[in-house]
Amino acid sequence: MEDFVVSARKYRPSTFKSVIGQSAIVNTLKNAMANHHLAQTFLFCGQRGVGKTSCARILAKTINCLNLQPDVEACNECESCKSFNDGRSLNIHELDAASNNSVDDIRGLIEQVRFAPQLGKYKVYIIDEVHMLSQAAFNAFLKTLEEPPAHAIFILATTEKHKIIPTILSRCQIFDFKRIQIKDVADHLAYISGKEGVTADPEALHIIAEKADGSMRDALSIYDQMVSFAGKELTYKKVIDNLNILDYDYYFKVTDAIIQNDIPSTLLIFDEILNNGFDGHLFINGLGEHFRNLIVAKNQATAQLLETGGQLKEKYVWQAAQYSEPFLFGGLNLLNQSDVSYKMAVNQRLLVELTLMKLCNLAAGKVEAQPVASTPAVKTATAAPTAAPVQPKVTQPVTAPKASEPKSEYKPETPPPPAAPTAPKKPSFLSINKTIGDNPAKKAAEEAAKNEPPGAPLTDESIAKAWKDYIEANKVKKISLCSILGQANPKKTADKESSIEIAVPSSVQQQAIEEDKTFLLDFLRVQLKHPQLQLIINISKTETKSKPYTTQEKFMAMKEKNPAVEKLKDQLDLGID
């Protein structure tokens, strides 16, 4: 009995023709060989299992073929091809950079490069997982890559191009291998099934191709696992059971129950899914993908975007025709919100069930929980009946002789819209504090003060009382300011009727009061009933020397008391902050 060989090795491409899903790269390499425009350094990059190393080996074999075919394929009959197929070729060297990533390994490779090939025209060096090389190894490799011998060709392969230093990238001809399409993977699996004598459902192979996520090697590994489980009969049911994949039928049944507003059936189907061992997050993501597929299937032009089997695609097209686009868009929005909130939810099952109930309400036209995308569309449909009775009332007064009542009803409604945007724009050129201070409450207080009869004449006693009231009202929020105001002694200005003046020791205190001046004046104007009240802030020069406030003033005061302070500052190279 022959030993089992995994499909990934048994059906590994050996010619350019057998490479799956990389036709652009294959054509470029074949044209380069046919026109003798072959570069000496290649970089093959892409995700795992897309054919990087396979193409590197095929290229190495083809460029040394002694009897190249007209379609630029190796003949597999000359001595060079036979030695390669038997694994005894001395012209092809493979290095795994993941385990040989030191400077010494690269130096040993450089030493081999000097020797010409014994058979054929080129010596090919394939370095796999080249991003694993150390920084020093990359630097040691630079000169050889820049000026390689005429007989040497380097093929570098990596899954993480961004980890390779730019000086290496600039010396390479770069080929980006793309993900293999689901259809190409499924067709190749069908070809292998025919070779192996396995009867496989197209839907089963399609599920395997989806699970592989663009990697042919992963697809072949899963295929071997499924054949070991199911034998020669590979069915859709066996594949989804073994791979723990939720059946598409559940999504179709849930969607049908939602559109019928059948909340009990929807919740029971979800409970059955949980009892089968599936996660609620998996269900939400799958249902979101199902709604996306229904939206795509609504239009014949986009139906080709469905990456599903033939029968399943027809089922999507049929079900999509039963539902309206507003429902599908709104449902997709709800499912997306649920997906985002799932991991943060304390009761995750309740979140999914609530989402399903919202979907049922959306299908029934109850749009209280409708999210952003489809709220306007559904609300306009439901709001139409309520808006209809209002329209005759508006149109009847217009057609009738001019009446004053409808006009008077709409006059109060027109001023508020312009008032809302103009109010915040007015203080845009002021400081932040003044902007904050310009609020409706303040304006109302000012208006009340203006409308009241003039208060009693200003006296120092009434000013001092209002001043203390302001300090008492703000002593918690404005501690430092209230401390400054408490030291000030407000007096009525002798030459002005509606002015108050205070004297502060320094400009810093003057600035602090100026920043709060708007609030302070508003309060005093209301308390003293003088809408035109003004505040004059002076700096008392006589008190500045006796009461230093800033660090500079404090240092000057210390210097006057003890001149040695300045000498100490200079010796220690200190600053005044």
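Residues numbered from 1 in each chain as written. Predicted model: local features only at pLDDT ≥ 70, side-chain atom pairs only at ≥ 80, totals over all residues. Heavy atoms only, no water.

### With respect to the overall build of the protein
Item 1. Per the secondary structure count, the protein includes 30 helices and 10 strands.
Item 2. In the protein, which comprises 577 residues, the proportion classed as buried is 38%.
Item 3. Within the protein, contacts between residues at least 6 apart in sequence are counted, and of these 71% link residues at least 24 apart.
Item 4. As displayed, the protein has an accessible area near 33,100 Å², and 55% of this comes from carbon and sulfur atoms. (Helix = DSSP H or I, 4+ residues; strand = E, 2+ residues; numbered from the N terminus. Buried < 20%, exposed > 50% of the residue type's maximum accessible area, 1.4 Å probe, protein only. Contact = heavy atoms within 4.5 Å. Areas by Shrake-Rupley, 256 points an atom, 1.4 Å probe, with all protein chains shown as cover.)

### A look at helix 8 (residues 182-196)
Item 1. Taking 1.5 Å of rise per residue, the 15 residues of helix 8 would be expected to cover 21 Å, and the 21 Å separating its terminal C-alpha atoms lies within 8% of that figure.
Item 2. Those residues of helix 8 that sit buried are Ile 182, Val 185, Ala 186, His 188, Leu 189, Ile 192 and Ser 193. Projection of helix 8 onto a plane perpendicular to its axis shows the buried side chains occupying an angular sector of 160 degrees, all on one side. Exposed residues pointing more than 90 degrees away from the buried face of helix 8 are listed as Lys 183, Gly 194 and Lys 195.
Item 3. Each element contacted by the buried residues of helix 8 is listed here: strand 6 (199-200), helix 9 (202-212) and helix 10 (216-230). (Expected span 1.5 Å × (residues − 1). Arc of directions from axis to C-beta.)

### Comments concerning the environment of Asn 67
Item 1. Mapped onto the elements, Asn 67 comes out in the loop between helix 3 (52-63) and helix 4 (79-85).
Item 2. Asn 67 gets classed as partly exposed once you look at its relative accessible area, which sits at 43%.
Item 3. In sequence terms Asn 67 and Cys 81 are 14 residues apart; their C-alpha atoms lie 9.3 Å from each other.
Item 4. Setting aside chain neighbours within four positions, we find Asn 67 in contact with Cys 75 and Cys 78.

### What to know about the sheet that holds strand 1 (residues 41-45)
Item 1. Here we have five strands laid out as an open sheet, ordered 2-3-4-1-5, and parallel in their pairing. Looking at the sheet topology across the chains shown, the edges are occupied by strand 2 (92-96) and strand 5 (173-176). Sheet twist, expressed as the mean angle between neighbouring strand axes with direction ignored, is 15 degrees.
Item 2. Two strands pair when backbone bridges link them, and strand 1 and strand 5 are joined in this way by four bridges, in the parallel orientation. Each residue of the ladder has a partner; that of Cys 45, found in strand 5, is Asp 176.
Item 3. On top of the sheet, helix 5 (residues 103-113) reaches strand 2, strand 3 (123-128) and strand 4 (152-158); it is set at about 165 degrees to strand 3, its chief contact.
Item 4. Running at roughly 135 degrees to strand 4, helix 6 (residues 135-146) makes contact with strand 1, strand 3 and strand 4 of the sheet. (Pairing = 2+ DSSP bridges. Axes fitted to C-alpha atoms, helices over the stretch in contact; angles between N-to-C directions.)

### Focus on unusual backbone geometry
Item 1. Unusually for a residue other than glycine, Val 72 sits at a positive phi of about 55 degrees.
Item 2. Along the polypeptide, Val 72 turns up in the loop between helix 3 and helix 4.
Item 3. Non-glycine residue Asn 261 carries a positive phi angle of around 60 degrees.
Item 4. With respect to the element layout, Asn 261 can be found in the loop between helix 12 (248-259) and helix 13 (263-275).

### Focus: the packing of aromatic side chains
Item 1. One pass over the full model with this rule turns up 12 aromatic pairs.
Item 2. Seen in terms of ring centroids, Phe 42 and Phe 175 are 6.0 Å apart; in terms of plane orientation they differ by 35 degrees. Their pairing is tilted. Of the two residues, Phe 42 sits in strand 1 while Phe 175 sits in strand 5, which places them 133 residues apart along the sequence. Across the pair, Phe 175 and Phe 42 agree in class, each one buried.
Item 3. On the basis of an interplanar angle of 55 degrees and a centroid distance of 5.8 Å, the ring pair of Phe 291 and Phe 327 is categorised as tilted. Of this pair, Phe 291 sits in helix 14 (residues 280-297) while Phe 327 is found in helix 16 (residues 325-341), placing the two residues 36 residues apart along the sequence. As far as the burial class goes, Phe 291 and Phe 327 line up, both buried.
Item 4. Clustering of aromatic rings is evident, with ring pairs tying together Phe 42, Phe 44, Phe 175 and Phe 177.
Item 5. The positively charged end of Arg 114 is found above the aromatic ring belonging to Phe 115, 5.9 Å away from the centroid.
Item 6. The ring of Phe 252 is capped by Lys 315, whose NZ or CZ atom sits 4.7 Å from the centre of that ring. (Phe/Tyr/Trp six-rings, centres within 6.5 Å; stacked < 30°, edge-to-face > 60°. Lys NZ or Arg CZ within 6 Å of the ring centre and 35° of its normal.)

### With respect to a nonpolar patch on the surface
Item 1. Together, Phe 4, Val 5 and Val 6 give the surface a local cluster of nonpolar side chains, amounting to about 280 Å² of exposed area.
Item 2. Tracing the chain through its elements places Val 6 in the segment before helix 1 (7-10). (Patch = residues over 30% accessible without salt bridge, like charges linked within 9 Å, V, L, I, M, F, W, Y side chains within 5 Å. Salt bridge = Lys/Arg side-chain N within 4 Å of Asp/Glu carboxyl O.)

### Some points on the packing of helix 10 against helix 11 (residues 236-243)
Item 1. Running from amino to carboxyl end, helix 10 crosses helix 11 at an angle of 110 degrees, the nearest separation of the two axes being 10 Å. Viewed along their axes, helix 10 and helix 11 adopt a mutual orientation that is roughly perpendicular. Crossing of helix 10 against helix 11: the hand is right-handed. Taking contact as the criterion, the partners of Ile 222, Gln 225, Met 226, Phe 229 and Ala 230 in helix 10 are, on helix 11, Lys 238, Val 239, Asn 242 and Leu 243.
Item 2. Looking at side-chain class alone, the contact of helix 10 with helix 11 contains six nonpolar, two polar and one charged residues. (Parallel < 35°, antiparallel > 145°, perpendicular 65-115°, else oblique. Left-handed = near helix turned anticlockwise from the far one by under 90°. Nonpolar A, V, L, I, M, F, W, Y, C, P; charged D, E, K, R; others polar.)

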